[in-house]
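A look at the structure
Here are the chains, one letter per residue:
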Amino acid sequence: MADHAKDAARDVGDRVREAADDVRSHGRRAAEDVADAYEGIKSRGADLLDDVQDKASDLADHARKRGGEFADRARSEARHLYRRGRHHADEVAGYAEERFDEVSGIIRRNPAQSLGIAAGVGFLIGLLIASRR
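The paragraphs below set out a description of the structure included in this document.

1. So, the overall build of the protein chain
Summing up its helical and strand segments, the protein chain has two helices and zero strands in all. For the protein chain, the C-alpha radius of gyration of 50 Å lies well beyond 14 Å, the compact-globule estimate for 133 residues. Overall size of the protein chain, expressed as C-alpha extent along the three principal axes, is 155 × 45 × 10 Å. Summed over all atoms, the accessible surface of the protein chain reaches about 11,900 Å², with 60% contributed by carbon and sulfur. When the 24 basic and 26 acidic side-chain charges of the protein chain are each reduced to a single mean position, those positions are 12 Å apart.

2. Thoughts on the environment of Arg15
One can find Arg15 in helix α1 (residues 2–109). For Arg15 and Asp3, which are twelve residues apart along the polypeptide, the C-alpha to C-alpha distance reads 18 Å.

3. Details of helix α2 (residues 111–132)
Spacing of three or four residues puts side chains on the same side of an α-helix, whose turn is 3.6 residues. Spanning 22 residues, α2 covers 32 Å between terminal C-alpha atoms, matching the ideal 32 Å at 1.5 Å per step. Within α2, only one of the 22 residues are buried, which leaves the element largely exposed.

4. Comments concerning the pattern of salt bridges
Summed over all chains, the structure comprises six salt bridges. Measuring nitrogen to oxygen at the nearest pair gives 2.5 Å for the salt bridge that ties Arg24 to Asp21. On the criterion of helical spacing, the pair formed by Arg24 and Asp21 is a turn pair, its members being three residues apart in helix α1. For Arg24, a relative accessible area of 44% translates into the label partly exposed. With its nearest N and O atoms 3.1 Å apart, the salt bridge here joins Arg66 to Glu69. Note that Arg66 and Glu69 are positioned in helix α1 at a spacing of three residues, about one turn of the helix. Taking relative accessible area as the criterion, Arg66 reaches 33% and is therefore assigned partly exposed. Taking the relative accessible area as the measure of exposure, Glu69 reaches 30% and is therefore partly exposed. Among the charged side chains, a salt-bridge network with shared partners connects Glu98, Arg99 and Glu102.

5. Overview of α1
With 108 residues, α1 extends 154 Å from end C-alpha to end C-alpha; this agrees with the ideal 160 Å at 1.5 Å per step. Every buried residue of α1 is accounted for by Gly13, Ser104 and Gly105.

6. Observations concerning a nonpolar patch on the surface
On the surface, Ile117, Val121, Ile125 and Ile129 cluster together into a nonpolar patch covering about 350 Å² of accessible area. Relative to the assigned elements, Ile125 resides in helix α2.

7. What to know about a negative patch on the surface
Taken together, the side chains of Asp47, Asp50, Asp51, Asp54 and Asp58 present a region of like negative charge at the surface. Examined against the element boundaries, Asp58 turns out to sit in helix α1.

Criteria and cut-off values
- Residues numbered from 1 in each chain as written.
- Predicted model: local features only at pLDDT ≥ 70, side-chain atom pairs only at ≥ 80, totals over all residues.
- Heavy atoms only, no water.
- Helix = DSSP H or I, 4+ residues; strand = E, 2+ residues; numbered from the N terminus.
- Rg over C-alpha atoms; globule rule 2.2 N^0.38 Å.
- Areas by Shrake-Rupley, 256 points an atom, 1.4 Å probe, with all protein chains shown as cover.
- Lys, Arg positive; Asp, Glu negative; His and termini not counted.
- Charge placed at Lys NZ, Arg CZ, Asp CG, Glu CD.
- Expected span 1.5 Å × (residues − 1).
- Buried < 20%, exposed > 50% of the residue type's maximum accessible area, 1.4 Å probe, protein only.
- Salt bridge = Lys/Arg side-chain N within 4 Å of Asp/Glu carboxyl O.
- Patch = residues over 30% accessible without salt bridge, like charges linked within 9 Å, V, L, I, M, F, W, Y side chains within 5 Å.

Written as structure tokens, this is what we have:
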């Protein structure tokens, strides 16, 4: 019976060693799988980072190009508006010059009447200013 117990204990010990070896083997394989998965994720992350950097660079280049186009358009439009404004200012100045010449002619032909009108307008302006105080 003692021999039988020793054999049983040996069998149990052998099975425990086999189980421990299996656990170590599975643990190593699991660690290797985790390491492989980590390397794969790390590699994909680096690839994604490169892609994002490339896209960001492309977008920045596109934005600079479009910004330049908008700036050129704005400068062109500003020049156009300046020329139109200058043209209108010249027209108004010409019109004012013509009217000034006409009024000057009227004043020269009728100085007394012009002086009376100027005095009346001055008087009215004086009344308006005085009434506001």
